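Chain by chain, the residues:
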Amino acid sequence: MNRLSIFGLVFIALLVLVALFAPLIATHDVGATNLAARYLSPSAEHWLGTDATGRDIFSRVVFGARISLRVGLVVVFVSGIIGTVIGALAGYYGGWIDRIVSGYVFNVFLAFPGLLLAIAMVAFLGAGLNKLILALCIIGWVGYARLIRGQVLKVREYDFVQAARALGARDWRIIFVHILPNAIQPLIVQASLGMAGAVLAEASLSFLGLGVPPPAPSWGVMLEEARDLTTLRVAPHALIVPGLAIALTVLAFNFLGDGLREYLDPRQRRR
Amino acid sequence: MSTQGIEAGGTGNMPPTLMPEAGAEPLIAIRELKVHFDLGGGTAWDKLVGGSPVKRVVKAVDGVSIDIFPGETLGLVGESGCGKSTLGRAILRLTEPTSGQVLFRGENLALLSERRMRQYRRNLQMIFQDPYASLNPRMTVSQIIGEPLDTFGLARGREGEARIRELMETVGLSPRFIKRYPHEFSGGQRQRIGIARALAVDPDFIVADEPISALDVSIQAQIMNLMARLQRERNLTYLFISHDLRAIRHVSDRVAVMYLGKLVEIADARVVYDDPLMPYTKALISAVPLPDPELEATRQRIVLQGDVPSPINPPSGCRFHTRCPWAIQACKDVVPPLTEIRPNHFAACIRISPDQPDIEQVAPGDAPGLRNPGRIIAQ
């Protein structure tokens with residue numbers, strides 16, 4: 001693994017700890033406004049300053065990690081499972097199932113830009129954290145399904161799969177015991193990149209007011225609330241801090257994904 | 001325990017040659033079996049989008065009929081791509097036959113539903129070529145050999161483990177290694193695991209698809225001896241597929257020769273090697289080096305010109321006519337039937353007959369458009 005992926009791994013580990021122990025780490029109540037302490041610069045009392053309503057930015061960023069990771073994990077987990085099952089069935093059985101799934105369903109989903117589809121979906125479902133997660137899952141499973149379908153097509157021709165058939169193993173056993181354990185390695189990489197995508201999508205939608213409703217300390221919401229000229233002039237850190245949190249988290253997952261890809265595929269390993 | 005990779009007591013002697021007696025009941029009877037793979041093309045749509053203007057079909061197996069008798073080893077030889085592996089897989093329904101019959105104890109396996117076919121898989125097993133690809137890398141030996149016991153509910157738990165240990169000993173593996181993974185074994189040991197897995201269901205018939213081709217020569221003999229011993233002890237019937245002519249001669253009772261999806265000659269193993277009839281078989285056998293240097297120096301080789309034609313839309317008539325020195329016009333038009341030229345010796349060639357079995361006595365071919373005349377050269 002190269003240095004960037006090590007950075008990614010360490011950053012993500014820290015982020016997970018921060019999210020887990022957020023109530024212990026935060027210095028202030030995330031919702032407490034204080035009009036006497038607006039636009040404060042970083043100080044001993046407020047480590048990263050305060051925003052337009054006097055809320056502590058450090059505490060809000062810490063709790064924001066909970067929302068981002070929760071969205072990322074749930075979306076990747078749920079869409080990964082849905083995608084794996086559908087991709088495995090399409091790849092293993094082929095025929096009309098595969099023609100419908102990979103010929104039509106995949107293409108229809110991939111024809112729309114992901115974020116636009118998510119916006120349309122949220123507009124239809126309504127705003128809220130769980131609806132946001134649902135929308136991202138509905139969009140996200142296609143990538144996993146396509147990946148797994150390709151892997152299953154390859155692995156299903158291996159001799160040990162043929163041997164299992166010759167030994168009378170049933171289809172579900174062949175798929176889950178013989179094919180999938182030998183097919184899901186690339187899924188690990190895809191999941192890491194998927195985390196980055198989901199974190200970014202949550203921030204984008206929240207920024208647009210289509211994600212988590214405002215009082216919640218989502219990084220996207222924080223950016224949206226700091227999006228005015230006064231804040232930009234008087235307290236730019238109110239914008240920079242959540243922006244940096246998003247950028248670093250997305251970068252960390254991307255670096256980790258690249259590192260994993262290199263690690264799992266020796267042909268791409270340099271030297 | 002250091003000898004666990006080496007079989008004790010194998011002498012290399014096969015059981016006495018078993019000729020199918022008149023009226024003997026075959027274990028497997030294959031009738032006009034065809035396995036075609038459609039590559040598409042030929043439709044109006046293909047012409048529109050620039051696809052192939054003619055329908056392209058790979059005729060991997062094209063009308064093969066043969067009987068396999070209980071207790072015998074039938075060797076199946078041919079060059080790469082002649083369809084011998086496809087034939088073996090089609091018998092076990094690992095590849096779906098396009099048409100024809102595979103009769104096992106009177107039941108046509110080619111027509112069974114997948115569910116009914118499962119019951120017959122206990123009787124019909126397979127040994128694979130590549131001992132590295134044929135074992136699931138994420139399963140232990142115990143799981144690999146135990147899987148068929150599980151699937152068919154033959155033995156469970158303590159009893160199952162006892163069976164697995166017993167099977168490992170049968171194939172010459174130490175049961176100490178029961179919890180190991182395939183990558184911890186050598187090629188020969190892995191092939192033994194594959195054999196133990198096939199034996200777990202106590203089958204009657206085993207398709208051995210190039211079981212020794214991926215192994216070192218020294219290991220090849222061990223595996224052949226192991227298979228011969230198991231055949232004696234368990235009354236197994238083998239279809240032994242290989243391109244290794246010397247291995248086939250060593251293990252087989254009868255030998256069938258395949259060329260481009262068709263059987264061209266079948267006879268007792270010794271007869272095929274010492275007195276082949278069909279021109280292709282003659283060329284094939286003449287390519288085997290002889291171990292005796294003096295004999296080797298005088299060996300006559302028939303060197304065929306050109307390559308094997310593509311199995312996509314193969315040649316008409318006799319498929320060998322494009323390379324056969326004895327081909328005449330009729331060879332392009334007539335598909336030669338497998339004919340009993342001598343007792344129990346079948347060949348598919350219209351230029352020989354029971355009255356004139358020796359192709360060398362027949363006038364060389366004059367077929368117009370013959371692109372690749374073969375020639376006989378002394379080496």
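Residues numbered from 1 in each chain as written. Chains lettered and ligands numbered in written order. Predicted model: local features only at pLDDT ≥ 70, side-chain atom pairs only at ≥ 80, totals over all residues.

This brings us to unusual backbone geometry. Residue and element names in this part refer to chain B. Positioned with a positive phi, Glu32 is a non-glycine residue whose angle comes to about 50°. Residue class for Glu32 comes out exposed when judged on the 12 C-beta atoms lying within 10 Å of it. Phi at Arg93 takes a positive value of approximately 60°, unusual for a residue other than glycine. You can see Arg93 is positioned in the loop between helix H2 (84–91) and strand S4 (99–104). (Buried ≥ 20, exposed ≤ 12 C-beta atoms within 10 Å, placed from the backbone. Helix = DSSP H or I, 4+ residues; strand = E, 2+ residues; numbered from the N terminus.)

Moving on to the packing of helix H5 (residues 114–125) of chain A against helix H6 (residues 129–155) of chain A. Between two packed helices, what matters for the description is the angle formed by their axes and the separation of those axes. All names here are of chain A. Put simply, H5 and H6 touch, their axes get as near as 9 Å, and they point 135° apart. Between H5 and H6, the angle falls in the class oblique. Where H5 crosses over H6, the handedness of that crossing is right-handed. Residues Gly114, Leu117, Ala118, Met121, Val122 and Leu125 of H5 touch H6, and the partners they reach there are Lys131, Leu132, Leu134, Ala135, Leu136, Ile138 and Ile139. Along the lines of polarity and charge, the residues of the contact of H5 with H6 split into 11 nonpolar, 1 polar and 1 charged. (Axes fitted to C-alpha atoms, helices over the stretch in contact; angles between N-to-C directions. Parallel < 35°, antiparallel > 145°, perpendicular 65-115°, else oblique. Left-handed = near helix turned anticlockwise from the far one by under 90°. Contact = placed C-beta atoms within 7 Å. Nonpolar A, V, L, I, M, F, W, Y, C, P; charged D, E, K, R; others polar.)

Here the focus is the packing of helix H4 (residues 95–111) of chain A against H6 of chain A. Residue and element names in this part refer to chain A. Contact geometry of H4 with H6 gives a least axis separation of 10 Å together with a crossing angle of 135°. Our classification of the angle between H4 and H6 gives oblique. Helix-helix and strand crossings are classified by hand; for H4 and H6 the assignment is left-handed. Residues Ser102, Phe106, Phe109 and Leu110 of H4 form the contact with H6, whose own contacting residues are Ile139, Val142, Arg146 and Arg149. Of the residues belonging to the contact of H4 with H6, the class tally is 5 nonpolar, 1 polar and 2 charged.

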